[in-house]
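For reference, the chains in residue letters:
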Amino acid sequence: MQSLRRAAIPIAIGLVLWFLPVPQGLTQQAWHIFALMVAIIVGFIVAPLPIGAVAFLGLTVTMLTGTLKVGEALGGFASGSIWLIAAAFFFSRGFIKTGLGRRIAYLILRAIGDSPLKVAYAFTLSGLVVAPATPSSTARAGGVIYPILRSVISVLGSEPGPTARRCGAFLIMSYYQVDGVLSALFMTAMTGNPLATELAMKTAGINISWGMWTLAALVPGIIGMITVPYFVYKIYPPEMKHSPEVKALARDELIKMGPISRPELILLGVFILALLLWCSGPVTKMDPTVVGCIAVSIMLIGKVLDWKDVLNENGAWDTVVWMGVLVGLAGQLSSKGFIPWFAKTVAASMAGLGWPVALGLLLVLYIYSQYGFASMTAHVAAMYAAFLAVAVSLGAPGYLSALLLAYGGCLCYSLTHYSAGPGPILYGAGFVDLPTWWRIGFLTSILHIVTWAGTGPFWWKFLGLW
């Protein structure tokens, strides 16, 4: 009965939106896609069924009603990001199966394992090291950080369920929230960043170089890396506060594990190869998804994983289903005209406002419109140029507007479990329930806005950018 009541909520919301008059400037098809997208997202929140099942039912309704053709509805499953996410899950399985993850975890714990907060900062710095040369946040967080993070959590005795709050839930949320800051620090740290710089040049003649991007992000970025893990620690604290015995335990366990094994060596080699290929992506032009598939293939050939391991990785296949549906619908929202219509409507409503107020409103609307996207790059592609154009037309300084919105396109990462590729991986680990994930994401987004809008303009003024 409770499941039926929960199911009634997204169904009712979807039906109300479906039968409302179509706004002027939109086609009925675009409006119906929006109604279905909202219903599915609400279904994720109230959870009458598992997320994958909700997404599959939404996909079925989309095709059954003729809102989208079969090929259009299934188009999201062709997204490389989805299969890179699956590869990251398989990568993680290899770390767990061979014991390499445990070995790396014990090495990290031996060095800095005396509190969960220090562990959170250690992973923040680890992400910082690879961020400049890793344009895929999915590759960085999912392929590089997550397998080690997951192993550390297990070593600390935290698993999904009763022990999740011991430390696992905090460490998962801390890294996810701070990875948006890492994405904003470098132009090459997120695939949407170079797109934003191109759109800035085409829309307003604003040229942002790699060095300018990084220099401008330096002060708010450092503040963000320091404050975000501590902020999450305060609002979502782990039950474990101190662990002075962990360093000694780590030393003892490393002795028990003995020399590194052949499967560990193979996996270590694959890991280094994948890291090098991901980092050199801007030069080699090799797609991160291809790198992930190469890594999994080598693990299969080298017997690090067998095919049964792949088939039994339920989290990967569940994620492929619900993320594929969301990516497909989000893409159709844009291509069928809803997203451009939304952007133009917002821009027109701000005519007559002073530029400081307008720019502030645009930043807030731009960040929170991410709720309707399953891709940060798609969000940038659909919204950035329109929002920058209206800001400049209202008299806002060009570089101030371009930088603030460009960084905002990374900071909205924190909002949902589907905003960016790492979300399904880290959420899929099962440590944090969906309402908590969204609540922490929203609160952290406020911290991001205060940090970047509160310090960035002063820093950029000092640099002479406006």
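Here goes a summary of the coordinates provided. (Residues numbered from 1 in each chain as written. Predicted model: local features only at pLDDT ≥ 70, side-chain atom pairs only at ≥ 80, totals over all residues. Heavy atoms only, no water.)

### Details of the environment of Ala 189
Threshold: Secondary structure elements follow DSSP: runs of H or I no shorter than four residues count as helices, runs of E no shorter than two count as strands, and numbering proceeds from the N terminus. Each residue is placed in one exposure class: buried if its accessible area under a 1.4 Å probe, protein chains only, is under 20% of its type's maximum, exposed if it is over 50%, and partly exposed if it falls in between.
Examined against the element boundaries, Ala 189 turns out to sit in the loop between α9 (168-185) and α10 (192-204). Since its relative accessible area comes to 0%, Ala 189 is described here as buried. Each C-alpha atom of the pair Ala 189 and Val 130 lies 8.6 Å from the other, and the pair is 59 residues apart in sequence.

### Details of the packing of helix α11 (residues 210-235) against helix α21 (residues 398-411)
Our working definition: Inter-axis angles, ranging from 0 to 180 degrees, are taken between N-to-C directions of lines fitted to C-alpha atoms, where helices are fitted over the stretch in contact. Reported orientations rely on four angle classes, namely roughly parallel under 35 degrees, roughly antiparallel over 145, roughly perpendicular from 65 to 115, and oblique for the rest. Should any heavy atoms of two residues lie within 4.5 Å, those residues are counted as being in contact. When residue character is reported, Ala, Val, Leu, Ile, Met, Phe, Trp, Tyr, Cys and Pro are called nonpolar, Asp, Glu, Lys and Arg charged, and the others, Gly included, polar.
For the pair α11 and α21, interaxial distance at closest approach is 11 Å and the crossing angle is 80 degrees. The angle between α11 and α21 falls in the class roughly perpendicular. Contact residues: α11 offers Met 212, Trp 213, Ala 216 and Ala 217, while α21 offers Tyr 399, Leu 403, Ala 406 and Tyr 407. Each residue belonging to the contact of α11 with α21 can be placed in one class, and the counts come to eight nonpolar, no polar and no charged.

### A word on the packing of aromatic side chains
How we decide: The criterion for an aromatic pair is that two Phe, Tyr or Trp rings (for Trp, the six-membered ring) have centres within 6.5 Å, with stacked assigned to planes under 30 degrees apart, edge-to-face to planes over 60 apart and tilted to the rest. Both a distance and an angle decide whether a charge sits over a ring: NZ of Lys or CZ of Arg must be within 6 Å of the ring centre and within 35 degrees of the ring normal.
One pass over the full model with this rule turns up 27 aromatic pairs. Pairing Phe 170 with Tyr 233 gives two aromatic rings, centres 5.5 Å apart and planes at 75 degrees, and the pair type is edge-to-face. You can see Phe 170 sitting in helix α9 and its partner Tyr 233 sitting in helix α11, a full 63 residues away along the chain. Residue Phe 170 shares its accessibility class with Tyr 233, and that shared class is buried. Taken together, a centroid distance of 6.0 Å and an interplanar angle of 25 degrees make the contact between Phe 186 and Trp 210 stacked. Note that Phe 186 is positioned in the loop between α9 and α10 and Trp 210 in helix α11, a separation of 24 residues in sequence. Joined through ring pairs, the aromatic side chains of Tyr 368, Tyr 371, Tyr 418, Trp 438 and Phe 442 make up one cluster. Lying over the aromatic face of Tyr 233, Lys 241 brings its terminal NZ or CZ to 5.1 Å of the ring centre. Here Lys 461 stacks its cationic end above the ring of Trp 466, 4.5 Å away from the centre of that ring.

### Overview of the environment of Phe 123
With respect to the helices and strands, the residue Phe 123 is situated in helix α7 (residues 116-130). It is 14 Å that separates the C-alpha atoms of Phe 123 and Gly 224, two residues lying 101 residues apart in sequence. Once residues lying within four places of it in the same chain are set aside, the contact partners of Phe 123 are Ile 108, Ile 145, Ile 148, Leu 149, Val 152 and Tyr 175.

### Points about the packing of α9 against helix α23 (residues 434-462)
Inclusion rule: Crossings are sorted by hand: turned counterclockwise from the far helix by less than a right angle, the near helix makes the crossing left-handed, and turned clockwise it makes it right-handed.
Viewed as axis vectors pointing N to C, α9 and α23 meet at an angle of 35 degrees, and their least axial separation amounts to 11 Å. In this structure, α9 crosses over α23, and the sense of that crossing is right-handed. Two secondary-structure elements touch here, α9 through Ile 172, Met 173, Tyr 176, Gln 177, Val 181 and Ala 184 and α23 through Trp 437, Ile 440, Gly 441, Thr 444, His 448 and Trp 452. Here the residues of the contact of α9 with α23 are counted per class, giving eight nonpolar, four polar and no charged.

### Details of the side chain of Ser 151
Rules: We define a polar contact as two N or O atoms separated by no more than 3.5 Å, with the added condition that, inside protein, one atom must be a possible hydrogen donor and the other a possible acceptor, whereas residues neighbouring each other in sequence contribute only through side-chain atom pairs.
The topology assignment puts Ser 151 in helix α8 (residues 137-155). Using a relative accessible area of 5% as the deciding quantity, one classes Ser 151 as buried. Side-chain polar atoms of Ser 151 contact the backbone oxygen of Pro 147, separated by 3.0 Å. Excluding anything up to four places from it in sequence, Ser 151 contacts Gly 101, Arg 102 and Ala 105.

### Here we look at the nonpolar core
Applicable threshold: The definition of a nonpolar core used throughout is a set of buried Ala, Val, Leu, Ile, Met, Phe, Trp, Tyr and Cys residues joined through side-chain atoms within 4.5 Å.
One finds Phe 91 and Tyr 384 to be the most contacted residues of the largest nonpolar core, which totals 158 residues. Among the elements that take part in this core, α9 stands out by supplying twelve residues, more than any other. The contact partners of Tyr 384, leaving out residues within four places of it in the chain, are Ala 196, Leu 199, Ala 200, Tyr 366, His 379, Ala 402, Leu 405 and Ala 406.

### Let's talk about unusual backbone geometry
In the Ramachandran plot, Lys 303 falls in the positive-phi region, its phi being about 65 degrees despite a non-glycine side chain. The topology assignment puts Lys 303 in the loop between α15 (288-301) and α16 (307-311). Its relative accessible area of 67% is what places Lys 303 among the exposed residues.

### Quick notes on α8
Note the following rule: A helix is expected to span 1.5 Å multiplied by its residue count minus one.
In this model α8 runs 25 Å from its N-terminal to its C-terminal C-alpha over 19 residues, within 8% of the 27 Å that 1.5 Å per residue would give. Summarising burial for α8: 18 of the 19 residues are buried, a large majority. Positioned one or two residues after α8, Gly 157 has a phi angle of 75 degrees, which is positive.

### Description of the environment of Gly 302
Note on placement: Gly 302 falls in the loop between α15 and α16. Here Gly 302 falls in the buried class, since its relative accessible area comes to 17%. Sequence separation of Gly 302 and Pro 263 is 39 residues, and the distance between their C-alpha atoms is 7.7 Å. Those residues within four positions of Gly 302 in sequence are excluded, and the remaining contacts are Arg 262 and Ile 266.

### A closer look at the pattern of salt bridges
For the record, the criterion: Within this document, salt bridges are pairs made up of a side-chain nitrogen of Lys or Arg and a carboxyl oxygen of Asp or Glu, the two lying within 4 Å of each other.
Counted by the stated rule, this structure contains eight salt bridges. A salt bridge links Lys 97 to Asp 306; the nearest nitrogen and oxygen atoms lie 3.7 Å apart. Within this pair, whereas Lys 97 is found in helix α5 (residues 80-98), its partner Asp 306 is found in the loop between α15 and α16, the two being separated by 209 residues in sequence. For Lys 97, a relative accessible area of 41% translates into the label partly exposed. What makes Asp 306 partly exposed here is its relative accessible area of 38%. Residue Glu 253 is joined to Lys 256 by a salt bridge in which the shortest nitrogen-to-oxygen separation is 3.6 Å. Taken together, the residues span about one helical turn, with Glu 253 and Lys 256 both in helix α12 (residues 246-257) at a distance of three residues. Taking the relative accessible area as the measure of exposure, Lys 256 reaches 65% and is therefore exposed. Beyond isolated ion pairs, a larger network of salt bridges with shared partners links Lys 97, Asp 306 and Asp 309.

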